[in-house]
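# Summary of structural features
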Amino acid sequence: MLADAGWHVLVLEATAAPGGAVRSDRGVHPDHVNDLFSSFYPLAVASPALRRLGLERWGLTWRHAPAVLAHPLPDGRCAVLHHDPEHTAAALEAFAPGDGDAWLRLVARWDRLAPDLLDALLGPFPPLRRGAAVLRRLLPAADGLRLLRMLTLPARRLGDEEFAGPGGPLLLTGSALHADLSPESAGSGAFGWLLTMLGQRYGWPVPAGGAGRLTDALVRRLADRGGEVRCNTPVDRVLVRDGRCLGVRTADGEPVPARRAVLADVPAPALYGGLVDWADLPRRLRADLRRFQWDHPTFKVDWALTRPVPWTAQAAAAAGTVHLADSRDHLTRYAADLACGTVPRHPCAVFGQMTTADPGRSPAGTESAWAYTHLPRGAAGAAPPEALADRLEAAVERFAPGFRDTIAARRILPPAGLEALNPSLYRGALGGGTAAPHQQLVFRPVPGTGRPGTPVAGLYLASSSAHPGGGVHGACGANAARAALHRARWNPRVRSRTWP
């Protein structure tokens, strides 16, 4: 966005490759492409910020699995989110009469709000223009207040109110737990509704050739606009004088001046009191940041499989993403273990079938796959990584007997391993901080913020620690870029700034 506005943009990347948590490699097996971190991108294809970039012109191609999402049950039944809402409704109707119509009602609510809702959710806070547009759609409607109530519900309660059988509630609740929310958390129902509706209307697609192809397209687009990316160039200090950001200093001591702005794509705790000295920040910020809450550590395993996963529920074979949990009660017990600091003995997991979604990821008849689960904060070292990986494989085996016999190679990425590959994933936290309501909107990353500006003029927080939070949607960076452009437009001192 800054390069499009004619600014010269220099990206200083700490690691050996650009992309942060959007990268892929052949590190598990030379014939298999595996994504190191994120894989499926419903927010990316729906995000106004990323859609405006037109990355398809720079080589990005999206691929879709035959089905979006599956949640198998131990008895062989399977809840499936298909690309066609009517098909999804028919699958849910098999769980209980009327559940198909209930699903279509949720889709209709989404369709009425979606044009303005995504802009309001992902745009700058407060979302005055788009928020007003959403309210105009809501308030005249007879069920406007009922819909607002629905957005506050826990995922468990939303499922109970809308459905009679377990299929629909499992799709909603499993999706809600992609964030660090429990089925009983206020607002978790809205998160589950958001992800399932994005899947219903956009799918959960993947970049052809691996997650890194999304990053490649961004880098090529930036280069075409005159921008530059320098890898292996960590920054160890933001340079401040008289409350204004003058640039940065790299770890090897090189000063890099910034005539207009610095956008920091790092977690808030790494910026405040880290890259920016506490002497240049308000005292209250230091006290508030002590209350900053990280999201749960992530434990991930990548596999190269010799054949497709032998699911007991055959419908799961067509889905790009599979949620593994016996029931909503299982999801609740798992969330309770995390809250109590206990490593779950029977983990819930998210499982990705990448060759099913993108056939070029591995040879025909094989599968590139991964699964992740969460660990409690502070208990990541409670069991050796090999033992945790075996436990995760056992969770898959329960729904796919013989799964272990398909494994040709595996890679274990414990929280420390994820952080080693991407320092912004502090102890394996993927979301830049909790997604709970007490650290969202005007409370993100600390109370009284909510916008990308910082106490230092010309310095902007552009990471997922800023509103609207975690996810591959580009909104945090876009909001920071928009704020920097606005300040430069109305403050002539920005353009005339010189290096001391």
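Look a little higher up for the structure.
Owing to the predicted nature of the structure, the values given are computational and were not obtained by experimental measurement.

Taken as a whole and judged by the stated rule, the model has three cavities of 30 Å³ or more. Its boundaries defined by the atoms lining it, the largest cavity holds a volume of some 110 Å³. What lines the largest cavity is a set of 15 residues, and nearest its centre among them are L177, L331, C348, A349 and V350. For the lining of the largest cavity, the elements supplying multiple residues, two or more each, are β14 (319-324), α13 (328-339), β15 (349-353) and β16 (367-374). The biggest single contributor to the lining of the largest cavity is β16, with three residues. A breakdown of the residues in the lining of the largest cavity according to their chemical character gives nine nonpolar, six polar and no charged. Reported here for the second largest cavity is a volume of approximately 60 Å³. Of all the elements in the fold, those that place two or more residues in the lining of the second largest cavity are β16 and α15 (385-399). Residue composition of the lining of the second largest cavity, grouped by class: six nonpolar, two polar and one charged.

Turning our eyes to something else, we now look at the pairing of strand β6 (residues 78-81). With burial as the criterion, each face of β6 is covered, one bearing C78 and V80 and the other bearing A79 and L81. In this structure, strand β5 (residues 67-72) lies alongside β6, joined through four bridges in antiparallel fashion. Each residue of the ladder has a partner; that of P72, found in β6, is C78. Counting the residues between successive antiparallel strands, the hairpin from β5 to β6 contains five residues, one of them, G76, with a positive phi of roughly 100°.

Rules used throughout
Residues numbered from 1 in each chain as written. Predicted model: local features only at pLDDT ≥ 70, side-chain atom pairs only at ≥ 80, totals over all residues. Heavy atoms only, no water. 1 Å grid on protein atoms, 1.4 Å probe; cavity = no way out; pocket = protein on both sides within 12 Å on 5 of 7 lines; lining within 4 Å. Points joined across faces, edges and corners; volume = space filled by probe spheres on them. Helix = DSSP H or I, 4+ residues; strand = E, 2+ residues; numbered from the N terminus. Nonpolar A, V, L, I, M, F, W, Y, C, P; charged D, E, K, R; others polar. Buried < 20%, exposed > 50% of the residue type's maximum accessible area, 1.4 Å probe, protein only. Pairing = 2+ DSSP bridges.

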